[in-house]
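Overview (structure and organization)
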Amino acid sequence: MIKISLPDGSVLEFDGAVSLKDVAERIGSGLANAALAGVVNGQLKDLGVVIENDAEVSIITPSQPEGLKLMRHSAAHIMAEAINNLYPGTKFAYGPALEDSFYYDVDCPEAISTDDLPKIEKEMKQIVKNNAKFERVEMTREEALKKYASDEYKLDNIERAKGDVISFYTQGNFEDLCMGPHVPNAKKIGAFKLLNVAGAYWHGDATKQQLTRIYGTCFANKEDLAAYLNQIEEAKKRDHRLIGKAMGLYEFHSESPGMAFWRNNGVILRNQLIGYIRELCDNNGYEEFFTPQIMSKELWVTSGHWANYADKMYTTDKDGREYGVKPMNCPGALILYKAGLYSHNDLPLRWAEFGHVHRYEGSGEIHGLVRVRGFTQDDAHVFCTPEQLRGEIKECIKFIFEVYTTLGMNFDHIELSTRPEKSIGSAEMWQQAETALENALKELEIDYVLNPGDGAFYGPKIDFHLKDAIGRSWQMGTIQVDFALPESFDLHYIDDKSERKRPVMIHRAVSGSLERFIGVLTEHYAGDFPLWLAPEQVRVLTVTDAANEYAEKVVKELKKYKIRAKLDKRNSKIGAKIRDGELAKVPYQLIIGAKEAENAQVSVRRRFKGDLGTMNVGELAELLLSEIESKELPPVADAKTDN
RNA sequence: GCUGCUGUAGCUCAGUAGGUAGAGCACUUCCUUGGUAAGGAAGAGGUCUCGAGUUCGAAUCUCGACAGCAGCUCCA
């Protein structure tokens, strides 16, 4: 007699050993039908696994995240089988499930392109139709190595696998090294679609050979799949490169790959953001600096940038002297610190700089505004005593949180990165710096993930990662503790005993890159910026030419309130003008016809809210200025409005 | 940087067994003066990314360059 405990607390009794499938059958035929796998005493297992002792069991179905993941993993195997059938001789490297998709890295004798995906999908459907069973085969490490002696990927994977027993899964005529578990048979994998083809390196190592990565996804049913595909389409519409161009914010041209060209609307947006951060700096004891764009090579040698990033720096020669275009602002700040004389009474010094830096990024790495070769950092360098360090870090974290909260941004995660292989400074300095960052995070009760070995060459850092509309995570703000550069530049301050001491430096940037920040914001808001950021806040529309004169007066009056307003007095119908204004994502449109002109009123239309009725310009200004002042987040678009 | 794909009007895209190009939107002009997401007509606009090659003839085929897209790698 064995006892099986279920998640709801009930206990089933069986005469002898039972399979997970038997357990599911006993609970109910519906569940047995939906079952994909099970969890036995906390371990995910195939449905066919036989339980011989008392155990805690739960059944996994497609309605659970684990179920979907498992299904996607099995779908990856079925895709591999299809590829194997269509392209004999293909070697299979690695095929996992992701958060909402799956892929398989293959080494195929023929080039596979997106055009081939329908063919592979068709073959997959055939495999599903034949309903191949997934079966687990176990063998010893030696047997496995022998069996796959001619497949370098399998050998590598076997060597990386833990334990003495190596498991394989077969379905149809395909077999793959795999820990499992899998769905019991091919018909269980639900609705799938292949999405994309791309290159990927073996083990993510750029020095290794490149494989073809084929992406697909799989959902419990057709409806869920359609919803997901629709979501991808919606996310694509938020692409900041398209919105930026359409709204006249910024665009890209081949004359300067990787650097944005900003139009007036984009410059307004930039200036609003800079103005906001500048004001916060003012209120938090920062002073603003501005240092040269181009500085001598010797400076970059001293700072260590030359040794670490010379190939990524833009350089120029004049008068027989070599110069580097700055890739970071910090050396400029270091020069100014060194040129002064500071005592402990002067510290901390919080020096802000909106510096424009250049870094030569690889041609395949640049991407819209989020990865560029020239960008503006809302940078600051804090010089403080070691005793002040932790407090200053906390101030920086709070500063960054304030900005993100105001903008209503979504966090992906916060990361603490420690000493990398290539670094300067002593082990003791690094220890001190890492501890300071860690303690600051802990004291503020902020969750973070550790990223060992990923710090800057001069110090460890906290990075703030935000999520964009398509779910990609982007590193934005950063706080870096630096004992090394004050040493390299031989900085000091005078302490209360008249002795020379070494200050610590914090590098911090809220947006990291203003360009990237604006790219992510564009996608975050889908172009519907909060009123205080919107380049064109109000558009005044005339119903007939007779209202033009009054409309011009309204625009002038709004400008007196510093409200950004434009006039549309084109000779077209009011419906067409409204449509154009909506497509341009203008938050407020004022409809002005004979009635309004006569009564000195404006008819107000708010995007996503519709007609707000009539009021006079003073009342309107009050409404708008309060929304601007409070930095209110914009109303959310309903599902129907997809422009 | 790597692999694959792509490059036709301001934008989105069609086209061609190789015979020097087309639509919609936008733009200009005219008619229309219309009240909360598209009024009508006419017109203008292209060295088909660039350079070489094959050919009687190349936007179309080949090679190269440049740029873009997807993913990988990298991101002080």
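Here five strands make up an open sheet; going across it, the order is S2-S1-S7-S4-S5 and the pairing mixed. Every other strand in the sheet has two partners, leaving strand S2 (11-14) and strand S5 (43-46) as the edge strands with one partner each. Each strand of the sheet is rotated relative to its neighbour by a mean of 35 degrees, with strand direction disregarded. Strand direction decides the pairing type here: strand S4 (residues 37-40) and S5, joined by four bridges, are antiparallel.

Per the domain assignment, the segments making up chain A are domain 1 (2-61), domain 2 (66-233), domain 3 (244-525) and domain 4 (538-637). When each unit is reduced to the centre of its C-alpha atoms, the spacing between domain 2 and domain 3 is 41 Å.

The next thing to look at is helix H7 (residues 222-237). For H7, built from 16 residues, the straight-helix expectation of 22 Å at 1.5 Å per residue is met to within 8% by its first-to-last C-alpha distance of 23 Å. For H7, the full list of buried residues reads Leu225, Tyr228 and Ala235. Within H7, the buried residues cover an arc of 85 degrees as seen down the axis, which keeps them to one side. Away from the buried face of H7 by more than 90 degrees, exposed residues Lys222 and Glu223 are located. Close packing links the buried residues of H7 with strand S13 (191-201) and strand S14 (210-219).

For the rest of this paragraph, the subject is the protein's contact with RNA strand B. Taken together, 54 residues surround RNA strand B, and among them Gln210, Met328, Val543, Asn571 and Ser603 come closest. Here RNA strand B approaches the protein such that, of its atoms within 4 Å, sugar and phosphate make up 46%. In this structure, a base nitrogen belonging to RNA strand B sits 3.0 Å away from a main-chain N or O atom of Gly364. At the level of elements, S13, S14, helix H11 (305-309), helix H18 (574-583), helix H19 (594-599) and strand S33 (602-606) are the ones that each hand at least two residues to the surface near RNA strand B. For the surface near RNA strand B, the element with the most residues is H18, which contributes seven residues. Of the residues belonging to the surface near RNA strand B, the class tally is 19 nonpolar, 18 polar and 17 charged.

The next point concerns the confidence of the model for chain A. Averaged over every residue, the pLDDT of chain A is 93; residues scoring 70 or more account for 99%. Of the regions scoring below 50 in pLDDT, residues 639-643 engages in seven contacts with residues more than four places distant in sequence or in other chains.

What follows covers unusual backbone geometry. The omega torsion of the bond from Gly180 to Pro181 falls at -5 degrees, within 30 degrees of zero and hence cis. One can find Pro181 in the loop between strand S12 (174-177) and S13. Omega for the bond connecting Leu347 with Pro348 falls within 30 degrees of zero, at 0 degrees, which places this linkage in the cis form. Structurally, Pro348 can be placed in the loop between helix H12 (330-338) and strand S21 (349-358). Positive phi values are uncommon outside glycine, yet Asn41 reaches one of about 45 degrees. Inspection of the secondary structure puts Asn41 in the loop between S4 and S5. Phi at Lys562 takes a positive value of approximately 65 degrees, unusual for a residue other than glycine.

Within strand S11 (residues 165-171), six of the seven residues are buried, which leaves the element mostly enclosed by the surrounding structure. Looking at chain direction, strand S10 (residues 135-140) and S11 are connected through six bridges and run antiparallel. Residue Thr140 lies in a different strand from S11, and its bridge partner there is Val165. Where S11 meets S12, four bridges bridge the pair, whose relative direction is antiparallel. What sits directly across from Tyr169, in S12, is Asp176. Linkage of S11 to S12, two consecutive antiparallel strands, is achieved through a turn of two residues, within which Gly172 is found at a positive phi near 55 degrees.

Quick notes on the rules
Residues numbered from 1 in each chain as written. Chains lettered and ligands numbered in written order. Predicted model: local features only at pLDDT ≥ 70, side-chain atom pairs only at ≥ 80, totals over all residues. Heavy atoms only, no water. Pairing = 2+ DSSP bridges. Helix = DSSP H or I, 4+ residues; strand = E, 2+ residues; numbered from the N terminus. Axes fitted to C-alpha atoms, helices over the stretch in contact; angles between N-to-C directions. Domains from an automatic or database assignment. Expected span 1.5 Å × (residues − 1). Buried < 20%, exposed > 50% of the residue type's maximum accessible area, 1.4 Å probe, protein only. Arc of directions from axis to C-beta. Contact = heavy atoms within 4.5 Å. Near = heavy atom within 4 Å. Polar contact = N/O pair within 3.5 Å; in protein donor to acceptor, adjacent residues only side chain to side chain. Nonpolar A, V, L, I, M, F, W, Y, C, P; charged D, E, K, R; others polar. pLDDT = per-residue confidence, 0-100.

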